[in-house]
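Observations on the three-dimensional arrangement
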Amino acid sequence: MIQYVIRRLLISIPVLLGISVVAFFMVRLVPGDTVTAMLGNSYTPDQAEALRSKYGLDEPLIQQYFLWLGNVLQGDFGYSQFTNTPVLDAILARLPITIELAVLSVLIAIIIAIPLGTIAALRRNSKFDYGASMFGLLGISVPNFWLGTLMILFLSLYAGWFPSGGFVGLSESIIGNLRSMLLPAIALGTAVGAVAMRMTRSSMLEVTNQEYIKMARAKGVSNERLIWRHALKNALIPVVTVIGIQAGYLLGGSVVIEQIFGLPGVGQLALQAITNRDYALLQGTILFIASAFVIVNLIVDVIYGFLNPQIRY
Amino acid sequence: MSDLWYQLKKNKIAMSGLFMTIILIILAITAPWIAPYDPYEMAPDARFAEPSLAHFLGTDQFGRDILSRIIYGSRISLQVGIISVGLSFVLGTLIGVVAAYYGKWVDAALSRLTDVMFSFPDILLALVIMAILGPSLTNLMIAVGIVYTPIFARIARGSVLSIKNSLFIEAARSMGVSNLKIMWKHILPNSMAPLIVQVTLSFAFAILAEAALSFLGLGVSPDTPSWGIMLSEGKSWMESAWWIAVFPGIAITLAVFSFNVMGDGLRDALDPRLKNESS
Amino acid sequence: MKKSYWGWLLVLFVLILAGCTDPTETTEESGGNDGGEEAASSEDGGGTLTITDLSDAQSLDPHVVTDAASMRYIENMYNTLFRYTEGSYGEVEGELVDEHEISDDGLTYTLTLHEGVKFHNGDDLTSEDVKYSIERIIENEVRSAQFDALESIETPSDTEVVMTLNEPVAPLLTFLAYPMNAIVNETIVEENDGDLSNADAGSGAFQLENWSMDQEMVLTKFDDYFKEGKPYLDEVVWRSIPDETSRTTAIRNGEVDILMQAEPKDISMLEDAEGVDVEMIDGSYWEYLGMNTEDGPLAEQEVRQAVAWAIDRSAINDSVKFGEATPLLSGPVPPNHWAHLDEEIYPEPDLDQARELLEEAGYGDGLDIELIVGTNQFQIDAAQVIKQQLSEVDINVEVLSQEDSVFFDALGSGDFEMTVVGWVGFVDPDEFLYNIFHTDGMYNQQNYSNSEVDELLEQGRSEQDQEQRKELYDEAQRLIAEDAPMAFLYVNPQITAMRDNVQDFDVNPTVTTKSLEDTKIEE
């Protein structure tokens, strides 16, 4: 087991390095730079040149990369050229919001997925099962940004139940915070819930067909006890898997959702960095998001390993 | 193949998905004949018209007919689907087959590359690629194609690995058949099933990705009748004219839904083990 | 193993919760002591005014920022040598300067500073600070061009500044009134290692209490402000609300007192709202259809004129701005400015005239043109309407929307045929015209060149007398409109919504909020 963890860690190193290469050079391939974005309509080549040399953007690219990587390894992500603040500070200030959004989405997903999936599996081929299947398919088909837009339209504008956007800090008001986060979390969590439900359903089916459950049933263990004590425990494995698989979706989806709901999270930061061509900030956020994905997956893999003794390493 | 069709026919949900997909294709082909209006035609007198008999789904801020634009939009969505999925299918399968067949450092290098690409959330990666290439329909298809390449690479690699050491491949190799020929003639056809399923599902992703990128303003040219652009423009008018944003959203959902349903059905039909479990 | 995975789930859950508690701590640190909850005291005016703009400041350093939002956040913490006269467009008056004298050759400016002005830290504001600030502006390059002609600054006494130029610059006073050409305190700059992005080095009516980016900025009354009795408000809170719907909701239910830059489509809704007043004037943001005069079919004057005749400015205004903008039928200087050219050179669209001109230029059978726009939705929309209108005279336009930095790069290097974009924030007519239409103008993106115009603009730059200048600029605008390097579209309204208890806030064409020092809130 420990060996497995170590091996997974070792594999992650080249991947993380690769991410840093891609993050850096991909960002530098983007045409236009901070300077043009900064100057806007007042752009002139001379002024741009002067600003570029001020930010060291006229050095050779390879040199800039190694300089950047060296600093990143020491925890220095550089300064945002646009706002002149440390990149790491900007990311860390916005991270809690994105994490809260992701966690709430996963919670909502689990609340929908586990009961629906379990019941659907137990009442296989019933109307409920078909209904749940339809929900699952619709859930992964509906664009989250459209769902968000619809919820703003009906629940905020027409019904007035929720604020239509903007973020309320947890420290300001817990209720206010939840009210501002709930709609975005539902918009983002629906697809995750749909995937998790489909997984719960099929793994429940698999588990209930397995010998030991059949055996237990033959031994007279009550049906309910069976479901909740034995089958469901095994069925939870896919939930963990889903969190891993969907981590990327959650992080990517947050770009769009945070934009719609005006949440100042990491996704919005990335989008801003793209528009402003804020190299250091964009490199930083992309590196950060991708590394977060790798690390979440690593953790999920390890937990998965503990959960599922059948997997051998 | 006939067996596949037989399996598909039995699956009602899959058949309904297929049916919807065919309608979508017919819409796209016959758009010029069935659309009631020119999708680009602005009518200053008919701005923000509610859904009515003259305009079934209403008009937008320029007085353009929304139904006509949605019908024409199916062309964009299908085009994006076909070309970008085609691109990721070819690229991904190539990477996957080569990695699995040659193994060793080739495999290690290509697999790490796929891992790296996998680590970037799809929308974010597509956004940055679009920023590099500039906004246009062609570039959007390239961006979406690149983003979904790693999935195909992974699936192809996995399924090649599972048959690489099977007897008939060994036999072919011992008879001196060239590597390329083995890959092309034997390995690829036998790894097709999961790839076909993925193609269908990727169609759904591609349509969603186009919509999301256009929604964020990094997609196709602004007057193109793309569902994503319509949705994005409609968002500003939600309070006063809900229909501008709502109908394109329904179109996207239905299109994506039909591909997902078909993908599900195909998976059941192609993979008997899964079929037993899930239906 | 089997038993223990509940434990592991628990661990996972705790991990998740740990992730949850983090935000509390960070937000508490950053936004904890905002003090916004305290009841407003109402003696002598007083009270807290909340004001909202589209976006947050990027930085608080006046000499570095380039975006309009930052400027509004910053300007109330600082003073400038001159300031825009309230209720006018294009005129300036002294702020820190009590008296000024300009030599006859226009090369020497002698400024006498107001005595007893204090910085927020208690230091006196002297001529040395003025010299230091102008040097810092030049060093930071963003606006150094305004001081290109500056040869030297002398400080004969604590209250006297003498600036010497190597050529006359008529708009210099306007430049000095620009809110971001602020006078900063050298000591504070040094304490912050030269970086004012999160500091307050000013002498303005309000001082920085706290700024947490993307949430809010709190400014409090500066008790030692040099203008006796001002400001009236105890506190000004800036909140950026980017979402249009949330913004208008916030003013409707009284969460904010002033909403800057409302959108034309919301005017009627805001006017109907209880307790909300809407004030609207022509602003400083004008938009145009730019045409590259260097090559391609648009290099021919007739083709450009045909375009100028073919577009229907009121129809674009109706479709895109709900008819709330003011169409520009001659030059770019708006009607409420003293330098406006009061003539209608393109009064109504005239398609026959346009077709004739195209025929003359040899494009009777039509032509293809690419029109680029940025990500501004109004400009994208305007481009689509223009495409439609030009198709009437067989000009086939392809609209391409590019990301802003790519777009401005293309504009700046003259790499485009046609574009829809705008300029914002000009005050002196020299700013409106010289850099944009002079052959050697810094922002002459259209590559326009007319020696007559050049001469007029040069004269306008050295002439001090306003009436003389108006004549020069009238003639220049007439020539430019006829040459049509741009088809001017409209000037945007500056729409401000206020709660009806807000008094004496000046809705200014330049969107400056410096009148907050005069603003009161009635209980």
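1. A few points about the interface of chain B and chain A
Facing 36 residues of chain B, the contacting portion of chain A comprises 37 residues. Elements represented by at least two residues in the side of chain B that touches chain A include exactly helix 4 (104–118), helix 5 (122–133), helix 10 (192–215), helix 11 (227–235), helix 12 (243–270) and helix 13 (272–278) of chain B.

2. Let's talk about the domain arrangement of chain C
All names here are of chain C. Domain assignment breaks chain C into domain 1 (29–79 + 196–281 + 497–521), domain 2 (85–191) and domain 3 (284–494). Each of domain 1 and domain 2 was reduced to a C-alpha centroid, and the two centroids are 26 Å apart. In this assembly, 25 residues from domain 1 lie in contact with 24 residues from domain 2. Looking at which element gives the most residues to the side of domain 1 that touches domain 2, the answer is helix 2 (residues 68–75), with three residues. Class assignment for the residues of the side of domain 1 that touches domain 2 results in twelve nonpolar, eight polar and five charged.

3. What about the pairing of strand 4 (residues 97–102) of chain C?
Residue and element names in this part refer to chain C. Of the strand pairs in this sheet, strand 4 and strand 5 (residues 108–113) are connected by five bridges, and their pairing is antiparallel. Counted as the bridge partner of I102 is Y109 from strand 5. Hairpin connection of strand 4 to strand 5: five residues between the antiparallel strands, including G106 at a positive phi of 75 degrees.

4. Here we look at the environment of A484(C)
Residue and element names in this part refer to chain C. The residue A484 is located in the loop between helix 15 (466–483) and strand 17 (486–499) in this model. On the basis of neighbour count, A484 is assigned to the buried category, with 25 C-beta atoms found within 10 Å. Note: C-alpha distance between A484 and M180 (304 residues apart in sequence) is 33 Å. Contact partners of A484, with chain neighbours within four places excluded, come to R304, Q305 and A308.

5. Brief notes about unusual backbone geometry
All names here are of chain C. Looking along the chain, the bond that leaves K230 and enters P231 is cis, with omega of -5 degrees. With respect to the helices and strands, the residue P231 is situated in the loop between strand 9 (216–221) and strand 10 (235–240). The phi angle at A484 is positive, at roughly 55 degrees, despite the residue not being glycine. Of note, the phi angle at V511 is positive, near 65 degrees, even though the residue is not glycine. Along the polypeptide, V511 turns up in the loop between strand 18 (502–503) and strand 19 (520–521).

6. Things to note about the packing of helix 5 of chain B against helix 10 of chain B
Residues and elements named next belong to chain B. Packing of helix 5 against helix 10 brings their axes to within 11 Å, and their N-to-C directions diverge by 60 degrees. Here helix 10 runs oblique to helix 5, going by the angle between their axes. With respect to the hand of their crossing, helix 5 and helix 10 are arranged in right-handed fashion. Judged by residue contacts, D122, I123, A126, L127 and M130 of helix 5 engage A209, A212 and L213 from helix 10. Here the contact of helix 5 with helix 10 is built from residues that sort into seven nonpolar, no polar and one charged.

7. Details of helix 6 (residues 244–252) of chain C
Each full turn of the α-helix corresponds to 3.6 residues, which orients residues three or four apart in the same direction. Buried residues of helix 6 of chain C: T245(C), R247(C), T248(C), T249(C), A250(C) and I251(C), and no others. As for helix 6 of chain C, its buried residues are in contact with helix 7 (144–158) of chain A together with strand 1 (48–53), strand 11 (258–259), helix 7 (267–272), strand 12 (276–291) and strand 17 of chain C. Backbone geometry just downstream of helix 6 of chain C places G254(C) in the positive-phi region, at approximately 80 degrees.

8. Thoughts on the environment of L16(A)
Residue and element names in this part refer to chain A. Mapped onto the secondary structure, L16 falls in helix 1 (residues 2–29). Here L16 falls in the partly exposed class, since 17 other C-beta atoms lie within 10 Å of it. Linking L16 and A290, residues 274 residues apart in sequence, is a C-alpha distance of 8.3 Å. When near neighbours in sequence (up to four residues on either side) are disregarded, L16 contacts S291 and V294.

9. Concerning the pairing of strand 15 (residues 395–401) of chain C
Residue and element names in this part refer to chain C. Only one face of strand 15 is buried: it carries I395, V397, V399 and S401, and the other face, with N396, E398 and L400, is open. Sheet analysis places strand 14 (residues 367–373) next to strand 15, joined by seven bridges and oriented parallel. Looking across to strand 15, one finds that E370 is bridged to E398.

Parameters at a glance
Residues numbered from 1 in each chain as written. Chains lettered and ligands numbered in written order. Predicted model: local features only at pLDDT ≥ 70, side-chain atom pairs only at ≥ 80, totals over all residues. Contact = placed C-beta atoms within 7 Å. Helix = DSSP H or I, 4+ residues; strand = E, 2+ residues; numbered from the N terminus. Domains from an automatic or database assignment. Nonpolar A, V, L, I, M, F, W, Y, C, P; charged D, E, K, R; others polar. Pairing = 2+ DSSP bridges. Buried ≥ 20, exposed ≤ 12 C-beta atoms within 10 Å, placed from the backbone. Axes fitted to C-alpha atoms, helices over the stretch in contact; angles between N-to-C directions. Parallel < 35°, antiparallel > 145°, perpendicular 65-115°, else oblique. Left-handed = near helix turned anticlockwise from the far one by under 90°.

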